[in-house]
Amino acid sequence: MYQFSDEILSFYRQTQESERLTNDVRGQIEFARTQEIITRYLPDPPAVVLDIGGGSGPYACWLAKAGYAVHLVDPVDLHIKQAQVASDQQSEHPIASISLGDARELRFSSMSADAVLLLGPLYHLVDKSERLVALREAYRVLREGGVIVAAGISRFASLLDFFCKDRLGNSVSRDIVQNDLQTGYHRNPTENLEFFTDAYLHRPDELSSEVIEAGFQHQTTLAVQGPTWLFGSVENYWADPGQRAAVLDLIRKVEAEPSILGMSSHILAIGTK
């Protein structure tokens, strides 16, 4: 039986992850782009999708409405309750199942799913060996030809956020960024939730390599937000439907560009079994 980090559990019990993708433009761009990329690679409904680390259920609810049979698993009790409420609110298209669990030990039969989403687990498993366990569990439960969509946080996200939020005068923030760049291990030594929680920050090629090492055929690794999250001007663009479409089109044009892939705070690796 795997144990999940107390620090990470405490963080998510104190924050409203259920609101993160809708409250501000950064979250909205992340949500829209992740949906777009998932849509490209998932088989048609009513395929079976496992949303592992699915949080409060934003992606599971969206996919269930689209006709998929979605099973959500998350290690945080608060998220499970929130996902159940969200599912109940769309009673004609509920999430197929919602359960407390861990990406490293899935309670699903081998070759029982058409797609697996790992949109959170990999960056909260700070040891590579544990990330590979989670990826291999995803491989086990997938049918032949099944798809994995695995998210990582860029190694350079905290550095870029540091300058974006003008934190040069904050010595704690500087120390966190220095450690992130040197080791990839993000730690928050404070009680300030704005500094996030325990996480591993991937270089884009490193995330791709781990997917391959777990046995998958790597299809691509894509930027979710690209560099847009760094600029306040995007808020005004995003408020206008026409300009919003232009923002998304421009991100799409550079989503696979290796030279700027690490500028995106989130990246997605796509693999097939």
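Residues numbered from 1 in each chain as written. Predicted model: local features only at pLDDT ≥ 70, side-chain atom pairs only at ≥ 80, totals over all residues. Heavy atoms only, no water.

I tried to follow the overall build of the chain on my own but got confused; where do I start?
Of the regular secondary structure elements, the chain holds 11 helices and nine strands. Computed over its C-alpha atoms, the radius of gyration of the chain comes to 18 Å, within 12% of the 19 Å expected for a compact globule of 273 residues. On the principal axes, the C-alpha backbone points of the chain span a range of 50 × 45 × 35 Å. Classification of the 273 residues of the chain by burial places 52% in the buried group. Considering only contacts within the chain whose residues lie at least 6 apart along the sequence, 73% involve residues at least 24 apart. Entry remark: accessible area of the chain is about 12400 Å², with carbon and sulfur atoms responsible for 52%. (Helix = DSSP H or I, 4+ residues; strand = E, 2+ residues; numbered from the N terminus. Rg over C-alpha atoms; globule rule 2.2 N^0.38 Å. Buried < 20%, exposed > 50% of the residue type's maximum accessible area, 1.4 Å probe, protein only. Contact = heavy atoms within 4.5 Å. Areas by Shrake-Rupley, 256 points an atom, 1.4 Å probe, with all protein chains shown as cover.)

Please explain the environment of Ala 64 as it appears in this structure.
Mapped onto the fold, Ala 64 is located in helix H4 (residues 58-65). Separated by 32 residues in sequence, Ala 64 and Ala 96 have C-alpha atoms that sit 7.9 Å apart. Apart from residues no more than four positions distant in its own chain, Ala 64 is found in contact with Val 70, Gln 90, His 93, Pro 94 and Ile 95.

Is there a simple way to think about the pairing of strand E7 (residues 199-202) in this case?
Consecutive residues of a regular strand have side chains that alternate between opposite faces of the sheet. Going residue by residue along E7, you find Ala 199 and Leu 201 tucked away on one face and Tyr 200 and His 202 tucked away on the opposite face as well. Pairing of strand E5 (residues 142-154) with E7, which is carried by two bridges, proceeds in the parallel orientation. The partner of Ser 154 across the bridge, within E7, is His 202. Pairing between strand E6 (residues 185-186) and E7: two bridges, direction antiparallel. Paired with Tyr 185 across the strands is Tyr 200, a residue of E7. (Pairing = 2+ DSSP bridges.)

What am I meant to see in empty space enclosed by the protein here?
One simple way to see leftover space: roll a probe sized like a water molecule over the atoms. This model, assessed by the stated rule, comprises one cavity of 30 Å³ or more. Lining the largest cavity are 33 residues, and of these Gly 53, Gly 55, Leu 119, Gly 120 and Tyr 123 lie nearest its centre. Of all the elements in the fold, those that place two or more residues in the lining of the largest cavity are helix H2 (17-23), helix H3 (25-41), strand E1 (48-52), H4, strand E2 (69-74) and strand E9 (266-272). Residues belonging to the lining of the largest cavity are distributed by class as follows: 17 nonpolar, 10 polar and six charged. (1 Å grid on protein atoms, 1.4 Å probe; cavity = no way out; pocket = protein on both sides within 12 Å on 5 of 7 lines; lining within 4 Å. Points joined across faces, edges and corners; volume = space filled by probe spheres on them. Nonpolar A, V, L, I, M, F, W, Y, C, P; charged D, E, K, R; others polar.)

Help me understand the packing of aromatic side chains, please; the structure alone is not making it clear to me.
The description of an aromatic ring pair uses the distance of the two centres, along with the angle that the planes make with each other. Evaluation of the coordinates by the stated rule reveals seven aromatic pairs. Taken together, a centroid distance of 5.4 Å and an interplanar angle of 90 degrees make the contact between Phe 11 and Phe 196 edge-to-face. Here Phe 196 lies in the loop between E6 and E7 and Phe 11 lies in helix H1 (residues 6-14), a separation of 185 residues in the sequence. On the accessibility criterion, Phe 196 (22% relative accessible area) is partly exposed. Ring geometry for Tyr 185 and Tyr 200: centres 5.2 Å apart, planes at 65 degrees, overall edge-to-face. Taken as a pair, Tyr 185 in strand E6 and Tyr 200 in strand E7 lie far apart in primary sequence, 15 residues in all. Judged by its relative accessible area of 27%, Tyr 185 is partly exposed. For Tyr 200, a relative accessible area of 5% puts it in the buried group. (Phe/Tyr/Trp six-rings, centres within 6.5 Å; stacked < 30°, edge-to-face > 60°.)

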